[in-house]
2 protein chains.
Amino acid sequence: MRKEVVESAASNVVPPVDLSDVGEIRDILGFHIRLAYVTVYRHFMETFSDLDLTQKQVSVLWLVSDNPGVAQTDLAQRLHMDRATTMGIINRLEGRGLLRRGPSPQDRRRKTLYLTPAGEEVLKRAKAAIWEHENWLKSRFTKREVQTLMGLLDRIHT
Amino acid sequence: MRKEVVESAASNVVPPVDLSDVGEIRDILGFHIRLAYVTVYRHFMETFSDLDLTQKQVSVLWLVSDNPGVAQTDLAQRLHMDRATTMGIINRLEGRGLLRRGPSPQDRRRKTLYLTPAGEEVLKRAKAAIWEHENWLKSRFTKREVQTLMGLLDRIHT
DNA sequence: GCCCTATTGTGAGCGTAGCGTACAATTGGC
DNA sequence: GCCAATTGTACGCTACGCTCACAATAGGGC
């Protein structure tokens, strides 16, 4: 099924004998992803210091706004979150009056989510901040490179 | 569900007039980085469930092993971490007996870090696990794509 | 030599977020 | 109508990021 793409310093066909030698930490793709994520996250937090929202919180607001009435489980799935984790985020946002839970007409186990007017307002401002943040992030790439990068990243999380 | 499918055609030349409209959340590069990171992190934790180490902890062990006697501040800088955050990680690793702090000959404010034999042993096993993890991650890319991806990610955190 | 500032490690406290586990209510297949 | 699966919820634990504060030390200017 999966191609065996063995890495750089090791030979191309035969797995390395000493498994403990993975080469330099600089050759570890996961390491680079983490560093990039941390950098982006940090700048995001700076940009959003006045709105006091995290990436995940904005993601949730955005998705709920685009899909009013969505259930928590669907939300969790789309954002790759645990159900329990989703709970915490929803609780916080609800506590701040940015969204509300309502009953679901079809399934009484489910709760439907929708933004309050305050939530919509905050999201609107958040999007403006994101525009700024994205410009900062994308400024180091050409449009083509952004497409390439997104395409490659997509292959990881899908 | 209203969906404005702007797709990749979004704002090719002119910045959008309405700053609050950043398009689909799918067009946000930061969003993709976060999803990719979460996916990688999750798989990492699965791979390391028996060793009970996080990405950061392995990174610290690795860097200390490669640079014995390094100071905490230098470590923090290389891993893009806060000094206080670094403290916590070092404390945990020291508490588990994987590394130790020693005095610095030149600067009495500094502490030098070095792995214990147990730490070296754990790192050795961690590297084997990383080899597995990296194969899983890189299996979806060609060698060339891995290089491209790393190059693009590097531009973010440097 | 002596001050002033910067650096380094440390601690306490707060917030976000991930996970496992357990449980009640509800649904849906059989 | 019963049983397994789903959904939301709560609780506890851990990791980790931040701020702020403080003590010890270092280094530059005088």
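Please refer to the structure placed before this passage.
This write-up is about the structure you can find in this document. Here the structure is a predicted model, which means the values were calculated and not measured. (Residues numbered from 1 in each chain as written. Chains lettered and ligands numbered in written order. Predicted model: local features only at pLDDT ≥ 70, side-chain atom pairs only at ≥ 80, totals over all residues. Heavy atoms only, no water.)

1. What about the protein's contact with DNA strand C?
The immediate surroundings of DNA strand C are formed by 23 residues, with Thr54 and Thr85 of chain A together with Thr73, Arg83 and Arg101 of chain B found nearest. The sugar-phosphate share of atoms of DNA strand C within 4 Å of the protein amounts to 68%. Side-chain polar atom of Gln57 of chain A to a phosphate oxygen of DNA strand C: 3.5 Å apart, as the coordinates give it. Within the side chain of Gln72 of chain B, one N or O atom sits 2.7 Å away from a phosphate oxygen of DNA strand C. Elements with a minimum of two residues in the surface near DNA strand C: helix H2 (55-66) and helix H4 (83-95) of chain A together with helix H3 (72-78) and helix H4 (83-95) of chain B. (Near = heavy atom within 4 Å. Polar contact = N/O pair within 3.5 Å; in protein donor to acceptor, adjacent residues only side chain to side chain. Helix = DSSP H or I, 4+ residues; strand = E, 2+ residues; numbered from the N terminus.)

2. Brief notes about the protein's contact with DNA strand D
Inspection of the region around DNA strand D gives 22 residues, with Thr73, Arg83 and Arg101 of chain A together with Thr54 and Thr85 of chain B positioned closest. Near the protein, within 4 Å, the atoms of DNA strand D are sugar or phosphate in 69% of cases. Interatomic distance of 3.1 Å between a backbone N/O atom of Arg108 of chain B and a phosphate oxygen of DNA strand D. Among the elements that make up the surface near DNA strand D, the one with the highest residue count is H4 of chain B (four residues). Across the surface near DNA strand D, the residue classes tally to five nonpolar, five polar and twelve charged. (Nonpolar A, V, L, I, M, F, W, Y, C, P; charged D, E, K, R; others polar.)

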